[in-house]
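Secondary and tertiary structure notes
Residues per chain, in single letters:
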Amino acid sequence: METKKILVTGAVGQIGSELTVDLRKRYGNDSIVAGYHKKKPTAMLLNGPSELVDVTKKESIERVVETYDIDTVYHMAAVLSAVGEKNPSLAWGVNMNGLYNILEVAREHKMTRVFCPSSIAVFGPETPKEKTPQETVLRPRTMYGVTKVAGEMLCDYYFRKFGVDVRGLRYPGIISSETLPGGGTTDYAVEIFYEAVKNKKYTCFVKKGTVLPMMYMPDCIKATIELMNAPLSSLRHHSDFNITAMSFSAGELAEEIKKHIPDFVCEYRPDFRQDIAESWPRTIDDSAARKEWGWKPDYDLPAMTADMLEKLKKRYEEGKL
Ligand code: SER
């Protein structure tokens, strides 16, 4: 695919920030516009263009798309599950109206390709919890999940009806060392590392035995870009690929961290996010992604933990954490 100009919405967020850096390395700094909204771009994003983009306002997207002649969008701006339960109307506004606006602008400007993430939050209590199949029951209990199911369907509708080549992955919890996640249920799997390095203790907001599917950021970026670069003819699915790298309980994660920081102590005080976590799968069958575009993760729990701790310890020693 010949990529001219890419817009990343939500570029200041957990995934958007590292995705923008990676895309700039691949395609050149000036080819990638970092779209931000509430938070201004951080230092890691200052080596290329950045623009204010309010996805709930179509004209705000259009202005940037026309100024930079954008032909590809990675639409990462979204309200996550925990914030969405506190403010369902905000989640609907940003996740649904925002996506609708992006798809409309993509259709009108005949864009080459759009990426829109989905999530394990599309699943619900009636979905099989182990090796959750690609095609299964989608009856989420969170507003975030509702917007992700509707979003997958809207994306597929735009593909079939208007030929907009929009693709997406059902991300599991994403663990990363550069930018903190912004209000999801899987945030404990990131916070635990920061607290282990800084204070050697963490109070976890889900129970010790809670198992969720997870992925380390380098795999998340790899999956996202590989799907976007896959030939259209090889894809049978488009916006709803199951994808995973590892599954572990909160207690297993704490034990893995203890192998590196022996005096680390983790306590468990579940809050409202426990119910959300329990409504999601424990393990995922991602064979469609493996078959259709060759998905294969690089990081398991021990490799991810070792790399996270190495990166965060270094930043802590430099006084940057
Ligand atoms: N990490 C997200 C959340 O917890 C799931 O997609 O909301």
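Scroll up to find the structure this text is about.
First, a word on what this report is: a plain description of the structure on this page.

The rules behind the values
- Residues numbered from 1 in each chain as written.
- Predicted model: local features only at pLDDT ≥ 70, side-chain atom pairs only at ≥ 80, totals over all residues.
- Heavy atoms only, no water.
- Phe/Tyr/Trp six-rings, centres within 6.5 Å; stacked < 30°, edge-to-face > 60°.
- Helix = DSSP H or I, 4+ residues; strand = E, 2+ residues; numbered from the N terminus.
- Buried < 20%, exposed > 50% of the residue type's maximum accessible area, 1.4 Å probe, protein only.
- Core = buried A, V, L, I, M, F, W, Y, C linked by side-chain atoms within 4.5 Å.
- Contact = heavy atoms within 4.5 Å.
- Near = heavy atom within 4 Å.
- Polar contact = N/O pair within 3.5 Å; in protein donor to acceptor, adjacent residues only side chain to side chain.
- Areas by Shrake-Rupley, 256 points an atom, 1.4 Å probe, with all protein chains shown as cover.
- Nonpolar A, V, L, I, M, F, W, Y, C, P; charged D, E, K, R; others polar.

Moving on to the packing of aromatic side chains. All chains considered together, the criterion is met by ten aromatic pairs. Ring geometry for Y100 and Y158: centres 6.5 Å apart, planes at 85°, overall edge-to-face. Taken together, the positions of Y100 in helix α4 (residues 88-108) and Y158 in helix α5 (residues 143-162) put the pair 58 residues apart, joining distant regions of the chain. According to the relative accessible area criterion, Y158 is buried, its value standing at 3%. Centre to centre, the rings of Y216 and Y299 are 4.9 Å apart; their planes meet at 75°, and the pair counts as edge-to-face.

This next bit is on the nonpolar core. By size, the foremost hydrophobic cluster in this structure holds 40 residues, and its most contacted members are Y188, F193 and M304. Among the elements of the structure, α5, α6 (188-199), β10 (201-204), β11 (211-216), β13 (246-249), α8 (250-258), α9 (273-278) and α11 (301-317) are those that each provide at least two residues to this core. At eight residues, α6 tops the list of elements feeding residues into this core. The residues contacting F193, other than those within four sequence positions of it, are I175, L253, I257, M304, T305, M308, L309 and L312. Within the second largest apolar cluster, 29 residues are counted, among which are I32, Y74, M76 and M215.

The subject of this paragraph is the site of the ligand. Close contacts around the ligand come from L80, S81, S119, Y144, G184, T185, T186 and W280, and that covers them all. Contacts to the ligand include S119, whose side-chain N or O atom sits 2.6 Å from an oxygen atom. Between the ligand and the protein, one listed contact pairs a nitrogen atom with a side-chain N or O atom of T186 at 2.8 Å. Isolated, the ligand exposes 240 Å² of accessible area, and the fraction of that covered by the protein chains is 93%. Taken together, the residues of the shell around the ligand sort by class into three nonpolar, five polar and no charged.

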